[in-house]
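Here are the chains, one letter per residue:
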Amino acid sequence: MDKETIVKKTTTSNIDTPFGKELKKDFFSADDVLDAYFQGKNDGIKNYSEELLTLIKRNVRDTSRFTFEVSEFLFQKGVSPSNSYIRLTSKYSVDVLLTISEDEYLNEDFIEVYDIVGSLEDEYNSEDLNIHLSFVPKNESFREEVILSDGYILNTNFHETSTRKTQ
Amino acid sequence: MRLQHAKHNEDACNAIYQLEKYNDWVVTTAFYSALHYVNHKLFPSEYEGTQFATLDTYYRHRFISSNRKPSKHWFTLNLVKEKLPTINASYRRLFELSSNARYIDYQTTPRLMEEARKSLIKVKGVCGDS
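What counts and how
- Residues numbered from 1 in each chain as written.
- Chains lettered and ligands numbered in written order.
- Predicted model: local features only at pLDDT ≥ 70, side-chain atom pairs only at ≥ 80, totals over all residues.
- Heavy atoms only, no water.
- Helix = DSSP H or I, 4+ residues; strand = E, 2+ residues; numbered from the N terminus.
- Buried < 20%, exposed > 50% of the residue type's maximum accessible area, 1.4 Å probe, protein only.
- Contact = heavy atoms within 4.5 Å.
- Areas by Shrake-Rupley, 256 points an atom, 1.4 Å probe, with all protein chains shown as cover.
- Rg over C-alpha atoms; globule rule 2.2 N^0.38 Å.
- Lys, Arg positive; Asp, Glu negative; His and termini not counted.
- Charge placed at Lys NZ, Arg CZ, Asp CG, Glu CD.
- Core = buried A, V, L, I, M, F, W, Y, C linked by side-chain atoms within 4.5 Å.
- Buried area = accessible area lost by both parts, 1.4 Å probe.
- Salt bridge = Lys/Arg side-chain N within 4 Å of Asp/Glu carboxyl O.
- Polar contact = N/O pair within 3.5 Å; in protein donor to acceptor, adjacent residues only side chain to side chain.
- Nonpolar A, V, L, I, M, F, W, Y, C, P; charged D, E, K, R; others polar.
- Patch = residues over 30% accessible without salt bridge, like charges linked within 9 Å, V, L, I, M, F, W, Y side chains within 5 Å.

Caption draft 1: Representation of the overall build of chain A within the structure. Counting its secondary structure elements, chain A contains 5 helices and 5 strands. The buried share of chain A, reckoned over its 167 residues, is 37%. For chain A, the share of sequence-separated contacts (at least 6 apart) that also reach a separation of at least 24 residues comes to 64%. Carbon together with sulfur atoms contributes 52% to the accessible area of chain A, which is approximately 10400 Å² in total.

Okay, structure coming up:
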């Protein structure tokens, strides 16, 4: 029996059965099953990619808002962060670096910033997002290229007030 | 054992400090001393109704089948924030001085080194058995 006949026989309802009843049209050929599998796989990949992109965009947006709130608080306290750097360590986890001068970092009043940062992290963190912020006390040995090579891809220069994707 | 390890690292920190030329290593050993001090303070203890002997066993319990687990360092930082708030800033400072030293080419200044030692003293004051 050729393939076409097999396909026709198994997908139409005109098959004779020992019981004399018609078969319903719910039998599929091997090709139908394979087609359905690959279609489902492609749809699944497409859906996953779209969901992943949506999640990452949302997490980057929320991290930027978080970073802005922290830096606003710092400016109000008389501390001037110079740059922020953001790194995605996974789709759910983001590291933020804020650079400030060593003098400001070592100022006694700066200690209370950690409680505020901690509270803001608690506010923004969720099942889908974990933000971790740390400070870098800049001195003349500061090496931005090391930060960039560690995967920090978004850089905001507070003096220029612009955000750019690191080249 | 954790307490012993904390003191061991603290001794290393003090020895390196005396050499007066390895500021970055003073910071690193100070952090790893503090890490064991907080582990000693936080465990064994009961979390979520279950007794856990170490941070490792608690971490594994929390995230064994999760694809969203934080690093163990951040997990510890969050535990310190929650359970030991009086040393949250000190411990966090030690972590960032140690892990971010690479961004200042490991040229840790004497002032930053002294800050790390000061932070360790605060952590030890809360977590070390006197």
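From this point, the discussion proceeds with the structure in view.
Caption draft 2: Seen up close, the overall build of chain B. Looking only at helices and strands, one finds 6 helices and 2 strands in chain B. If you list the helices and strands of chain B from N to C, you get α-α-β-β-α-α-α-α. Expected size for 130 residues packed as a compact globule is a radius of gyration near 14 Å; at 15 Å, chain B falls within 12% of this value. Seen through its principal axes, chain B has C-alpha atoms that stretch 45 × 35 × 25 Å. Residue burial in chain B is summarised as follows: out of 130 residues, 51% are buried. Contacts spanning at least 24 positions in sequence make up 60% of the contacts within chain B whose residues lie at least 6 apart. Accessible surface, chain B: about 6800 Å² in total, of which carbon and sulfur atoms supply 51%. Charge separation in chain B, taken as the distance between the mean sites of 19 positive and 13 negative side-chain charges, equals 5 Å.

Caption draft 3: Representation of unusual backbone geometry. Residues and elements named next belong to chain B. Residues Phe43 and Pro44 are joined by a peptide bond in cis, for which omega reads 0 degrees. Mapped onto the elements of the fold, Pro44 is located in the loop between α2 (23-42) and β1 (45-47). The backbone phi angle of Glu20 is positive, close to 60 degrees, even though this residue is not glycine. Here Glu20 lies in the loop between α1 (2-19) and α2. The phi angle at Tyr106 is positive, at roughly 60 degrees, despite the residue not being glycine. In this structure, Tyr106 sits in the loop between α5 (88-99) and α6 (110-127).

Caption draft 4: Broad picture of the nonpolar core. One finds Tyr105, Phe110 and Phe135 of chain A together with Tyr91 and Val123 of chain B to be the most contacted residues of the largest nonpolar core, which totals 71 residues. For this core, the element with the highest residue contribution is α2 of chain B, accounting for 9 residues. Sequence-distant contacts of Phe110 of chain A, that is, excluding residues within four places in its chain, are made with Leu74, Val79, Ile100, Glu104, Tyr105 and Phe135 of chain A together with Arg93 of chain B.

Caption draft 5: Examining the interface of chain B and chain A more closely. The interface is formed by 20 residues belonging to chain B together with 32 residues belonging to chain A. Counting each side, the surface lost to burial between chain B and chain A is near 2600 Å², with a carbon and sulfur contribution of 48%. Three residues stand out in chain B for area buried against chain A, namely Arg68, Arg93 and Tyr103 of chain B, and they jointly supply 28% of the buried area on that side. Inspection of the chain B/chain A interface yields 7 salt bridges. Linking chain B with chain A are 19 residue pairs in polar contact (both at pLDDT 80 or more), by the criterion used here. Contributing elements (two or more residues each) for the side of chain B that touches chain A: α4 (72-83), α5 and α6 of chain B. Among the elements that take part in the side of chain B that touches chain A, α5 of chain B stands out by supplying 6 residues, more than any other. Here the residues of the side of chain B that touches chain A are counted per class, giving 6 nonpolar, 5 polar and 9 charged.

Caption draft 6: Examining the environment of Glu112 of chain A more closely. In this fold, Glu112 of chain A is placed in the loop between α3 (102-106) and α4 (113-124). Within the structure, Glu112 of chain A has its side chain in polar contact with the side chain of Lys77 of chain A (distance 2.8 Å).

Caption draft 7: Spotlight on a nonpolar patch on the surface. A contiguous nonpolar surface patch, about 330 Å² in accessible area, is contributed by Leu34, Tyr37 and Phe38 of chain A. Residue position: Leu34 of chain A is located in helix α2 (residues 30-76).

Caption draft 8: Inspection of the pattern of salt bridges at higher detail. For the coordinates displayed, the defined rule picks out 22 salt bridges over all chains. Arg102 of chain B serves as the salt-bridge partner of Asp150 of chain A, at 2.7 Å between the closest nitrogen and oxygen. With one member in each of two chains, Asp150 of chain A in the loop between α5 (144-149) and β4 (154-157) and Arg102 of chain B in the loop between α5 and α6 form a pair that bridges those chains. Judged by relative accessible area, which is 29%, Arg102 of chain B ranks as partly exposed.

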